[in-house]
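Listed below are the residues making up each chain.
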Amino acid sequence: MEMLEDTMNKMKEKLFIPASYQIVFTSSATECWEIIAQSLTLGQSYHYFNGAFGEKWCEYAHRIHGKSIAQPFPLEDQPLMVSVNHHSDDLLCFTHTETSNGAVIADETLSSARQNFKGLIAVDATSSMAGTDLPWKDADVWYASVQKCFGLPSGLGVMILSPAAVDRAYAIKENKHYNSLAFVIDNFRKFQTPYTPNILGIYLMNRLMGSVDPIDKISLHLKNRYLRLLKFIEEFGVSPLIKNPKSRSSTVMAIQDAKDQVSAIKRFASTKGIVLGNGYGPWKESTFRIANFPAIPDTEFDELEDCLREFWRKR
Ligand SMILES: *Cc1c(COP(=O)(O)O)cnc(C)c1O
């Protein structure tokens, strides 16, 4: 219990999470999809997505309550909410960084959703939490798995709830599951857990949060590293999948090229001991993905640039 309390305090301090928000641990982001569907959905849940993870969230929620409404939007754009009449018991769902293609939901988009909508806003921040200074107050439910931007072993999820989300969980008081949210919150408020938790994962989170820089500093460092990589690839005439800077994540970058070039560069990189991340879904063969996560040292980005330079010099 002491370790749990200390870990939650350190997370709030380093990630600039508002004091009034409640942290709970789960086992994964996928579990958070189900918890939100089971315990926080009263009206419809509107899912704004342009990639595989946002779409999966919509499907998982639909299987549970049948009230999901897919709101796909184009890759280059930010979601437009003007056409939909949302009610205050609805839920708006966004994928902050879409890991499959490197798209991001801009801070302005979340703040305008916040201003124009009275219900709850939920955000999958799996590929950005701990790497980006998130606008916590502009959403009610933030969650992530820790194996992406936190750089920790998989098997732990983090869910961060606004006072309104906590109120909604108690108002609905769904209690059919081991992970029913009101029951989970009851436990975490006492620094207990509803089931034997991933104690090793929580311990590692504690050590990580004790040693990392505050998130504003980390976020700035990653943004600069992303801009440097962007400038580097553009010098070789290569561009990111997403052309609109406003819609591009600084923590996941999908780089686009001709299919034969993408497979050749992956082969070349592997001879240098570098595994380039595959593209995902429709962009599987035409992109490769770079994780600009805090756990990856700058020296590995130098090595990556050396490798890309050697390959692209011949173009
Ligand atoms: C990886 C990922 C998930 C799923 O994470 P699990 O730990 O497998 O549950 C969900 N959403 C996003 C955006 C992801 O990148």
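As shown above, the structure is provided for reference.
Residues numbered from 1 in each chain as written. Predicted model: local features only at pLDDT ≥ 70, side-chain atom pairs only at ≥ 80, totals over all residues. Heavy atoms only, no water.

**Student:** Help me out: how do you make sense of helix 5 (residues 163-172) in this one?
**Tutor:** Working note: α-helix, 3.6 residues per turn, so residues spaced by three or four point in the same direction. Taken together, the buried positions of helix 5 are Ala 165, Val 166, Arg 168 and Ala 169. Burial along helix 5 is one-sided: seen end-on, the buried residues are contained in an arc of 160 degrees. Residues Asp 167 and Ala 171 are exposed on helix 5 and point more than 90 degrees away from its buried face. Residues of helix 5 that are buried in the fold lie against strand 1 (22-26), helix 2 (29-39), strand 7 (120-124), strand 8 (141-145), strand 9 (157-161) and helix 6 (181-189). Looking one or two residues beyond helix 5, the residue adopting positive phi is Lys 173, at roughly 45 degrees. (Buried < 20%, exposed > 50% of the residue type's maximum accessible area, 1.4 Å probe, protein only. Helix = DSSP H or I, 4+ residues; strand = E, 2+ residues; numbered from the N terminus. Arc of directions from axis to C-beta. Contact = heavy atoms within 4.5 Å.)

**Student:** Looking at this structure, how should I read the site of the ligand?
**Tutor:** The ligand sits among 14 residues. The nearest are Thr 30, Thr 99, Asp 124, Ser 145 and Lys 148. Here Thr 30 contributes a side-chain N or O atom positioned 2.6 Å from an oxygen atom of the ligand. Gln 147 places a polar side-chain atom, nitrogen or oxygen, 2.9 Å from an oxygen atom of the ligand. Calculation on the ligand without its partners gives an accessible area of 390 Å², and the protein chains cover 85% of this total. By residue number, the principal contributor to the shell around the ligand is helix 2, which donates three residues. When grouped by side-chain class, the residues that make up the shell around the ligand number three nonpolar, nine polar and two charged. (Near = heavy atom within 4 Å. Polar contact = N/O pair within 3.5 Å; in protein donor to acceptor, adjacent residues only side chain to side chain. Areas by Shrake-Rupley, 256 points an atom, 1.4 Å probe, with all protein chains shown as cover. Nonpolar A, V, L, I, M, F, W, Y, C, P; charged D, E, K, R; others polar.)

**Student:** Looking at this structure, I do not really get the side chain of Ser 28. What am I missing?
**Tutor:** By secondary structure assignment, the location of Ser 28 is in the loop between strand 1 and helix 2. Of note is the side chain of Ser 28, whose polar atom sits 3.4 Å from the backbone nitrogen of Thr 30. Setting aside residues up to four positions removed in sequence, Ser 28 forms contacts with Ser 145, Leu 156 and Gly 157.

**Student:** I'm lost on unusual backbone geometry in this one. Help?
**Tutor:** Backbone geometry places Phe 16, a non-glycine residue, at a positive phi of 60 degrees. Residue class for Phe 16 comes out partly exposed when judged on its relative accessible area of 36%. Not every positive phi belongs to a glycine, and Lys 173 is a case in point at roughly 45 degrees. Within the element layout of this structure, Lys 173 appears in the loop between helix 5 and helix 6.

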